[in-house]
Amino acid sequence: RRGLATVLNNMGVVNLTRGDVGLAIERFEEALRIRREIGDRARIGNALSNYAEARALAGDVDAADAAYREAVDLLRDAGEASGVKSALTGRARFLRRRGEFGPAEETLAEAVAMEGRDPAVRAAFHLEAAEQHAVRGEPEAVGRAAEQGLELSGEIGDLLGRAQACRLLAGARGGADREDASRLLEEAEELLSGTSGPELARVLLERGILHLDHDPRAAREALMRARGLLDAMEARGAVLPERESVERLLSAEVPEPGAD
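Residues numbered from 1 in each chain as written. Predicted model: local features only at pLDDT ≥ 70, side-chain atom pairs only at ≥ 80, totals over all residues. Heavy atoms only, no water.

Undergrad: A description of empty space enclosed by the protein should follow, citing residues and the corresponding values.
TA: What the rule picks out here adds up to one cavity of 30 Å³ or more. Around the largest cavity sit Arg-96, Phe-101, Ala-104, Glu-105, Gln-132, Val-135 and Arg-136, which together line it. Looking at the lining of the largest cavity element by element, the count peaks at three residues for helix α6 (residues 101-112). Taken together, the residues of the lining of the largest cavity break down into three nonpolar, one polar and three charged. (1 Å grid on protein atoms, 1.4 Å probe; cavity = no way out; pocket = protein on both sides within 12 Å on 5 of 7 lines; lining within 4 Å. Points joined across faces, edges and corners; volume = space filled by probe spheres on them. Helix = DSSP H or I, 4+ residues; strand = E, 2+ residues; numbered from the N terminus. Nonpolar A, V, L, I, M, F, W, Y, C, P; charged D, E, K, R; others polar.)

As structure tokens, this is what we get:
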């Protein structure tokens, strides 16, 4: 049964990557049910972190916050420092996406104190730090944190983490070097080929922003693709904050692709 719970948990992670939020929630709930019956606190905590991410993407903020808090408590009790750092990083990401920037910074600062040797946990931490620097308009700090996240993600073969790092670096460099930013976004999209999850929508949104002033048709094409992805993910249970930005940009006077 322990093995079945692991399989279900891993399948849920794959579902999240693909934007199948409703299915991911079902699989995490079943994995949690089994792990609670077994009574393994560390594994329950790890599963709760994934479940919280899925609930956050579904727009169920109360369930997501409760799951993150329980995950942190269980992992602390189990002495899993790396797991605590991961759960705190996830909760910081959740708070940032809700627009609660102060609490997000405080939660990430708490994660700094945790010794996380797992490279996957360290990569996620640096990438979330880069996201928070981006919110504060600190491109140099974004670049430093994203480069650390990129290096660690590369070491463990995390394509999603590498794509996120490339997107963040593109956003940080776009004002000074549009060509390099465009290259980074192309790399991010290539890394995400075959996926249809939230990160691809974010990459396409960033591409739309990058091209808006000098190539409005390319911008609109990217934004329309992002809209299509958001439509598909929302049909599968996701509620994503990127929708507002995509619709706002598409409502501007940007010509349809192929228009004269």
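Undergrad: Explain the environment of Ala-78 to me, using residue names and the numbers behind them.
TA: Among the structural elements, Ala-78 can be located in the loop between α4 (61-77) and α5 (81-97). Residues Ala-78 and Arg-43 lie 35 residues apart in sequence; the distance between their C-alpha atoms is 9.5 Å. Not counting chain neighbours up to four residues away, the residues in contact with Ala-78 comprise Arg-41 and Ala-42. (Contact = heavy atoms within 4.5 Å.)

Undergrad: Could you give an account of the packing of aromatic side chains, with specific residues and numbers?
TA: Per the stated rule, a full pass over the model turns up one aromatic pair. Seen from their ring centres, Tyr-68 and Phe-94 are 5.8 Å apart, and the 40° between their planes marks the pair as tilted. Residue Tyr-68 is found in helix α4, and its partner Phe-94 is found in helix α5; the two are separated by 26 residues along the sequence. For the pair shown, Tyr-68 and Phe-94 are each scored as buried. In this structure, Lys-85 packs its charged tip against the face of Phe-125, placed 4.3 Å from the ring centre. (Phe/Tyr/Trp six-rings, centres within 6.5 Å; stacked < 30°, edge-to-face > 60°. Buried < 20%, exposed > 50% of the residue type's maximum accessible area, 1.4 Å probe, protein only. Lys NZ or Arg CZ within 6 Å of the ring centre and 35° of its normal.)

Undergrad: I'd like a rundown of α4, residues and numbers included.
TA: With 17 residues, α4 should cover 24 Å at 1.5 Å per step; its first-to-last C-alpha distance of 24 Å lies within 8% of that length. Every buried residue of α4 is accounted for by Ala-64, Asp-65, Ala-67, Tyr-68, Ala-71, Val-72, Leu-74 and Leu-75. In this fold, the buried residues of α4 make contact with α3 (41-57) and α5. Once α4 finishes, Gly-79 follows within two positions and takes phi at roughly 75°, a positive value. (Expected span 1.5 Å × (residues − 1).)

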